[in-house]
Amino acid sequence: MIVAIDGPSGTGKSSTSRAVASRLGLSYLDTGAQYRAITWWMLANGVDVDDAAAVADQAGKPAIVSGTDPAAPAITVDGVDASGPIRTQEVTAAVSAVSAVPEVRTRMVEIQRACAAAAPAGIVVEGRDIGTTVLPDATVKIYLTASAEVRAARRSGELKGAQSVADTQAALVRRDAADSGRKTSPLAKADDAVEVDTSELTLDQVVEQVVALVGEKRAAR
């Protein structure tokens, strides 16, 4: 059982994916954290993240390991816990540029597919290109959306006021354009994905919808 949950920032991917995995007894993988992890490594090692060739040259060096327990997802880089450092504004500002480098995406996709293959009962994988590129044969594909205003308010809340809602919304619009416009594995809804607009829904309501969709798939198998 592989559940792919894609969508842009602020749509509730992480909270939904973790909750669904917990409810269904599945593993959980946050692919966005992996891209943040390699971005953090690049920054920490003095790599110019705007130099695609330099990023590509270093893409194979960091050892990135993701924990897949939805109750306590973890990520390490070269054996160091990176769960805190990858959430900084510096990483957020650089992650789109690093993620757009084809060599980075190739490396991350290999790791992501290995994580999915190793999951004992199945896995919920969240990201931006899971249903289209990473796991195109996923059992269930979900694409979460929400209005720009709602997404900005949610993300600003996550940042605990470190950035205004207006600035957050502008940053999200830039991120959307970068992610949707990149040549390699852009942010996109798979043709067979079910779209769920989370703008007016509570987390519990979104989780219930996804769990119901998985139940329907299981019954049909």
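Since the model is a prediction, treat every value here as computed from it, not as a measurement.

Caption draft 1: Representation of the overall build of the chain. Across its full length, the chain holds nine helices and eight strands. Relative to the 2.2 N^0.38 estimate, which gives 17 Å for 221 residues, the radius of gyration of the chain is 17 Å and therefore close to what a compact globule would have. For the chain, with 221 residues in total, the buried portion stands at 48%. Of the contacts made within the chain by residues no fewer than 6 positions apart, 76% connect residues no fewer than 24 positions apart. One finds the centroid of the 23 positive side-chain charges in the chain at a distance of 2 Å from the centroid of its 28 negative side-chain charges.

Caption draft 2: View of the sheet that holds strand E2 (residues 27–30). The five strands lie next to each other as E2-E6-E1-E7-E8, forming an open sheet whose pairing is parallel. The sheet terminates laterally at E2 and strand E8 (194–197), the two strands that pair on one side only. Adjacent strand axes in the sheet meet at a mean angle of 20°, parallel and antiparallel pairs treated alike.

Caption draft 3: Examining the UniProt feature "binding site: ATP" (unreviewed entry) in the chain more closely. UniProt's feature table lists "binding site: ATP" (unreviewed entry) at Gly7, Pro8, Ser9, Gly10, Thr11, Gly12, Lys13, Ser14 and Ser15, given in the numbering used throughout. Considering the arrangement of structural elements, one finds Gly7 in the loop between strand E1 (2–6) and helix H1 (13–24). Taking the relative accessible area as the measure of exposure, Gly7 reaches 0% and is therefore buried. In this structure, Gly7 is in contact with Lys13, Gly127, Arg128, Tyr143, Leu144 and Leu187, ignoring residues within four places of it in sequence. One can find Ser14 in helix H1. Excluding residues within four positions of it along the chain, Ser14 makes contact with Tyr28, Asp30 and Glu126.

Caption draft 4: Representation of the packing of helix H2 (residues 31–44) against helix H5 (residues 102–118). Remark: H2 packs on H5, axes separated minimally by 11 Å, with the N-to-C direction vectors making an angle of 140°. Taken together, the axis directions place H2 and H5 in an arrangement best described as oblique. Between H2 and H5 the crossing geometry is right-handed. Residues Thr31, Gln34, Tyr35 and Ile38 of H2 form the contact with H5, whose own contacting residues are Val104, Arg105, Met108, Val109, Ile111, Gln112 and Cys115. Residue classes in the contact of H2 with H5 are distributed as seven nonpolar, three polar and one charged.

Caption draft 5: Spatial organisation of helix H9 (residues 203–220). In this model, H9 (18 residues) spans 26 Å end to end at C-alpha, consistent with the 26 Å of a helix rising 1.5 Å per residue. Buried residues in H9 make contact with E1, H1, strand E7 (140–145) and E8.

Caption draft 6: Looking closely at the side chain of Arg107. Among the structural elements, Arg107 can be located in helix H5. The charged side chain of Arg107 is buried without a salt bridge, its nearest counter-charge being Glu110 at 5.3 Å. Contact partners of Arg107, with chain neighbours within four places excluded, come to Ala59, Gly60, Lys61, Pro62, Ala63 and Ile64.

Caption draft 7: Highlighting the pattern of salt bridges. Within the structure shown, the criterion is met by five salt bridges. Where Asp192 meets Lys141, a salt bridge forms, and the shortest distance between an N and an O atom there is 3.1 Å. On the criterion of sequence distance, the pair formed by Asp192 in the loop between helix H8 (165–181) and E8 and Lys141 in strand E7 is long-range, its members being 51 residues apart. With relative accessibility at 8%, the residue Lys141 sits in the buried group. Ionic pairing is found between Lys189 and Glu195, a salt bridge with its closest N-O pair at 3.4 Å. A relative accessible area of 37% means that Lys189 is categorised as partly exposed.

Calculation rules
- Residues numbered from 1 in each chain as written.
- Predicted model: local features only at pLDDT ≥ 70, side-chain atom pairs only at ≥ 80, totals over all residues.
- Heavy atoms only, no water.
- Helix = DSSP H or I, 4+ residues; strand = E, 2+ residues; numbered from the N terminus.
- Rg over C-alpha atoms; globule rule 2.2 N^0.38 Å.
- Buried < 20%, exposed > 50% of the residue type's maximum accessible area, 1.4 Å probe, protein only.
- Contact = heavy atoms within 4.5 Å.
- Lys, Arg positive; Asp, Glu negative; His and termini not counted.
- Charge placed at Lys NZ, Arg CZ, Asp CG, Glu CD.
- Pairing = 2+ DSSP bridges.
- Axes fitted to C-alpha atoms, helices over the stretch in contact; angles between N-to-C directions.
- UniProt positions renumbered as here; feature names shortened; annotations may be inferred.
- Parallel < 35°, antiparallel > 145°, perpendicular 65-115°, else oblique.
- Left-handed = near helix turned anticlockwise from the far one by under 90°.
- Nonpolar A, V, L, I, M, F, W, Y, C, P; charged D, E, K, R; others polar.
- Expected span 1.5 Å × (residues − 1).
- Salt bridge = Lys/Arg side-chain N within 4 Å of Asp/Glu carboxyl O.

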